[in-house]
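So the chains spell out like this:
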Amino acid sequence: MEIKNFNPAVSVIIPLYNAEEYIGECLDSILAQTFENYELIVVDDCSTDNSLEIVQSYVQKFGGRLQIFKLAENAGGAFKPRNEGIKIARGEYLLFVDSDDLLTPSALESMYHSAKKFDADIVFQSRHYTFHGKNSDKAKIIGNNEKLELVDNPALKFLKNAFVVMPWAYMFRRSLILQAKIEFPSLPLGEDRLFVFFALCFTRRFLRIPDICYCYRLHSSSVSSRRIAAKELFKRRTDAAVSSVKFVEEFIDKHRDFFDKNPEIKMRFFEKIVYGLMDPIIDFKLNKKIPLQERLDIIYEILAKLDDKTHLAAFLYYRIIALRVSWREKNSKLKELQEKNKLLQKEIETLKNS
């Protein structure tokens, strides 16, 4: 049931998919908030377990502040549920929470009051808890910045790895998101970093706070920790990186004035956002698992399907060069070891015959 004429200060948006083991604990952490002027929006991505039923059992507990929406078909990622949540939201600020994570009791109070005090468009929590499975009592603090400050040029600092890419670490002014027409791109990987970066480009006042507001749960069934075959991961990252280029190009075209005034941000954009998706693939460990030719075949297959876009072609050729350089470096080291081994064998034979 919806409260009439309710104008919440904060809209908390939770994308839901098969989280029956954790969603109750997540909702309990929101019920325990010291700040009550919020609405909770849960968007179900066609869960096949009891997740939706569990959320429905909490409707009365939230006293009209909980809205539940169900997508017509599975989107295959959190991007669509989050975008639908943004459309529905009425709050002055938006906070995204994952269905298996928790908020600390004073999270909404700390972030919202800080936002209002400093008239911030975005509030960033520089520290959070991380814990494994059900062991929330063994949570560790991640991040060591205990300084409250207004940060200049946050978009550039984000590209220099000053802030995390996860959207739950930020509280966003809703009008900023709507006016700049920012949404989560429909990508299998990397949509979080694009959304956060897009928002940072248009932030007048970016506030970093030392308060610990979020508890991030790591578990084997989470998207971030799910085991994926090396070859499949390589293909998914390649597809995501190529799709990211399209979103990047469209975003730059829409906001050309901003990027013309900030050439360094534009230059680092592709390097951080797009190339960064693929760089973890170009390491020795994964090279051993995926033969070079198989990776090249995947890239050539994608390249053949592309239209004539300079950035896309440049990106893929960059990948091919990186793969070949990696392969040559590996083989160069191997040859060096083989030569050393030959010399060692000669010395052994010499000692035997002496």
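Residues numbered from 1 in each chain as written. Predicted model: local features only at pLDDT ≥ 70, side-chain atom pairs only at ≥ 80, totals over all residues. Heavy atoms only, no water.

A. The overall build of the chain, seen in detail. For the chain, the count of helices and strands is 13 helices and 10 strands. Among the 354 residues that make up the chain, the fraction classed as buried is 49%. Taking as baseline every contact in the chain between residues at least 6 positions apart, the subset at least 24 positions apart corresponds to 80%. (Helix = DSSP H or I, 4+ residues; strand = E, 2+ residues; numbered from the N terminus. Buried < 20%, exposed > 50% of the residue type's maximum accessible area, 1.4 Å probe, protein only. Contact = heavy atoms within 4.5 Å.)

B. Quick peek at the packing of helix 7 (residues 191-201) against helix 8 (residues 230-254). One way to put it is that helix 7 packs onto helix 8 with a least axis distance of 12 Å and a crossing angle of 15°. When the interaxial angle is binned, helix 7 and helix 8 end up roughly parallel. Regarding helix 7 and helix 8, the two cross each other, and that crossing is right-handed. Where helix 7 approaches helix 8, its residues L194, F198 and C201 are matched on the opposing element by S244, F247, V248 and F251. (Axes fitted to C-alpha atoms, helices over the stretch in contact; angles between N-to-C directions. Parallel < 35°, antiparallel > 145°, perpendicular 65-115°, else oblique. Left-handed = near helix turned anticlockwise from the far one by under 90°.)

C. Spatial organisation of the pattern of salt bridges. Evaluation of the coordinates by the stated rule reveals 16 salt bridges. Note that R173 and E92 form a salt bridge whose closest N and O atoms lie 3.9 Å from each other. In this pair, R173 is assigned in strand 9 (residues 170-173) and E92 in the loop between helix 3 (79-88) and strand 4 (93-96), connecting sequence segments 81 residues apart. Given the relative accessible area of 12%, R173 is considered buried. Close ionic contact of D121 with R204 constitutes a salt bridge, the shortest N to O distance being 3.4 Å. Residue D121 is found in the loop between helix 4 (107-118) and strand 6 (122-132), and its partner R204 is found in the loop between helix 7 and strand 10 (206-218); the two are separated by 83 residues along the sequence. Assessed through its relative accessible area of 3%, D121 is described here as buried. Judged by its relative accessible area of 58%, R204 falls in the exposed class. The network of salt bridges with common partners includes E92, K116, D119, D121, R173 and R204. (Salt bridge = Lys/Arg side-chain N within 4 Å of Asp/Glu carboxyl O.)

D. Representation of the pairing of strand 9 within the structure. Both faces of strand 9 are covered, namely the face carrying Y170 and F172 and the face carrying M171 and R173. Two elements, strand 4 and strand 9, share three bridges in a ladder whose sense is antiparallel. Along strand 9, the bridge assignment pairs Y93 with R173. Bridge analysis of strand 6 against strand 9 gives three bridges, and the strand direction is antiparallel. Within strand 9, the position partnered with I122 by the bridge is F172. (Pairing = 2+ DSSP bridges.)

E. Examining helix 4 more closely. The end-to-end C-alpha distance of helix 4, which contains 12 residues, comes to 17 Å, matching closely the 16 Å that a straight helix rising 1.5 Å per residue would cover. Buried within helix 4 are the following residues: A107, L108, S110, M111, Y112, S114 and A115. Directly beyond the C-terminal end of helix 4, a positive phi value near 50° is found at D119. (Expected span 1.5 Å × (residues − 1).)

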